[in-house]
Amino acid sequence: MTAETTITKASAQTGRRPLLGIMLRLAAMAVLGVMFALVKLAGQHGVHVAESLFYRQLAGLPVAIAWLWWTGALSSIRTARPLQHGLRMILGVSAMTLNFSAMLLLPMAEATTFGFAAQIFATILAALLLREPTGRYRWGAVVLGFIGVMIALQPGGQAVAATSAAVALGGALMTACVIIQLRRMAQSEPAGAIVFWFSLTSLLPLGIAVLIFGKNHDLFSWSIIAGLSLSGAIAQILLTASLRHASVAAIMTMDYSALLWSALMGYTVFGNIPGHSVWLGAPLIIGAGMIIAWREQHLAKRRATEAAEYPVG
């Protein structure tokens with residue numbers, strides 16, 4: 001589950017056009033595949049990851065503002081919890097830095113596969129930090145997912161470099177931390193405020209990083225930066241629009257199509273062919289994530305039914 005999905009999960013409602021929502025979600029995954037390919041290409045042309053992140057967020061801010069204006073939610077950006085937004089920014093920037101770096105260090109399919117472990121880490125953190133009841137289904141999914149990770153750690157029969165694997169799994173862990181923080185904030189903060197303040201505040205540390213690590217580039221490199229910024233903004237629009245037409249439950253499994261786009265981009269742009277172990281480990285990780293999602297949906301429906309049958313007051 002992406003962070004964008006988690007942000008809007010509490011307020012998303014099933015739309016009248018679920019097929020459109022699914023198609024928009026699939027399109028978002030394809031555009032994200034293009035964005036990450038451009039991130040990797042930019043890195044090969046001397047663009048620092050801090051620059052990619054800064055321009056990605058800079059392009060996303062007007063999208064966030066336009067979304068709030070379009071939905072009539074501009075007033076929702078008022079907040080009484082700046083420290084919570086500050087923590088979300090720190091976690092979010094850390095997760096993005098690690099995930100972008102993983103794309104530079106690993107073939108795209110491998111980096112994407114490790115990124116799917118975020119939902120597994122989120123389940124563990126929810127049990128430890130939020131004290132969420134976690135039964136045999138979700139713990140079984142956690143075990144299944146980690147078996148998949150161990151298999152994927154040896155693509156093509158050769159172990160992934162320890163540093164690269166640590167960065168990728170660190171990105172998944174930080175993404176899980178973002179998910180947990182968003183669950184906490186969603187209880188009191190509107191989705192609009194969460195999106196807006198992250199888009200805005202993340203530009204401060206990223207702007208400082210650009211001043212330190214940024215450099216002059218040729219026209220081709222700037223065109224790559226423009227492309228990744230534009231594709232990131234388009235993906236953000238598609239992710240948000242998908243939730244206006246379909247329920248979270250209907251579209252969240254579409255996120256796993258990112259592996260196919262990553263493999264395709266990795267092969268066509270960089271000539272990387274995913275190893276057999278990736279295709280063996282990825283289904284286990286994806287299966288674990290789907291089990292967790294199914295179980296959470298099932299429990300949410302049961303709680304809603306019980307609340308309707310035994311209302312309080």
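Because the structure is predicted, anything quoted here is derived from the model rather than measured.

**Quick word on the overall build of the chain**
And then number 1: What the chain contains, in helices and strands, is 14 helices and zero strands.
And then number 2: Residue burial in the chain is summarised as follows: out of 313 residues, 51% are buried.
And then number 3: A separation threshold of at least 6 residues defines the contact pool for the chain, and within that pool the share at least 24 residues apart is 89%.
And then number 4: Carbon and sulfur atoms provide 68% of the accessible area of the chain, an area that totals close to 14900 Å².

**Considering helix H6 (residues 118-129)**
And then number 1: Spanning 12 residues, H6 covers 16 Å between terminal C-alpha atoms, matching the ideal 16 Å at 1.5 Å per step.
And then number 2: Buried within H6 we find Ala 118, Gln 119, Ile 120, Phe 121, Ala 122, Thr 123, Leu 125, Ala 126 and Ala 127.
And then number 3: Directly beyond the C-terminal end of H6, a positive phi value near 60° is found at Arg 131.

**Digging into the nonpolar core**
And then number 1: Of all hydrophobic cores here, the largest spans 71 residues; its most connected members are Phe 100, Met 108, Phe 114 and Phe 116.
And then number 2: Take this core: its biggest share by element is 12 residues, from helix H2 (residues 18-44).
And then number 3: Once you skip the residues sitting within four places of it in the chain, Phe 100 turns out to touch Met 35, Phe 36, Val 39, Val 49, Ser 52, Leu 53 and Arg 56.
And then number 4: One finds Met 174, Val 178, Met 185 and Ile 194 within the second-largest nonpolar core, a separate group that totals seven residues.

**Looking at the packing of helix H5 (residues 108-115) against helix H13 (residues 258-270)**
And then number 1: Close contact between H5 and H13 brings their axes to 7 Å; oriented N to C, the two are set at 160°. Put simply, H5 runs roughly antiparallel to H13. Note that H5 runs across H13; the crossing there is right-handed. Across the interface between the two elements, Met 108, Ala 109, Thr 112 and Thr 113 from H5 touch Ala 258, Leu 259, Ser 262, Ala 263, Met 265, Gly 266 and Phe 270 from H13.
And then number 2: Class assignment of the residues belonging to the contact of H5 with H13 gives a composition of seven nonpolar, four polar and no charged.

**With respect to the pattern of salt bridges**
And then number 1: Summed over all chains, the structure comprises two salt bridges.
And then number 2: Between Asp 255 and Arg 25 there is a salt bridge, and its shortest N-O distance comes to 2.8 Å. You can see Asp 255 sitting in the loop between helix H12 (248-251) and H13 and its partner Arg 25 sitting in helix H2, a full 230 residues away along the chain.
And then number 3: Looking at Arg 25, the relative accessible area reads 0%, which means it is buried.
And then number 4: Between Glu 189 and Arg 81 there is a salt bridge, with the nearest N and O atoms lying 3.9 Å from each other.

Calculation criteria
Residues numbered from 1 in each chain as written. Predicted model: local features only at pLDDT ≥ 70, side-chain atom pairs only at ≥ 80, totals over all residues. Heavy atoms only, no water. Helix = DSSP H or I, 4+ residues; strand = E, 2+ residues; numbered from the N terminus. Buried < 20%, exposed > 50% of the residue type's maximum accessible area, 1.4 Å probe, protein only. Contact = heavy atoms within 4.5 Å. Areas by Shrake-Rupley, 256 points an atom, 1.4 Å probe, with all protein chains shown as cover. Expected span 1.5 Å × (residues − 1). Core = buried A, V, L, I, M, F, W, Y, C linked by side-chain atoms within 4.5 Å. Axes fitted to C-alpha atoms, helices over the stretch in contact; angles between N-to-C directions. Parallel < 35°, antiparallel > 145°, perpendicular 65-115°, else oblique. Left-handed = near helix turned anticlockwise from the far one by under 90°. Nonpolar A, V, L, I, M, F, W, Y, C, P; charged D, E, K, R; others polar. Salt bridge = Lys/Arg side-chain N within 4 Å of Asp/Glu carboxyl O.

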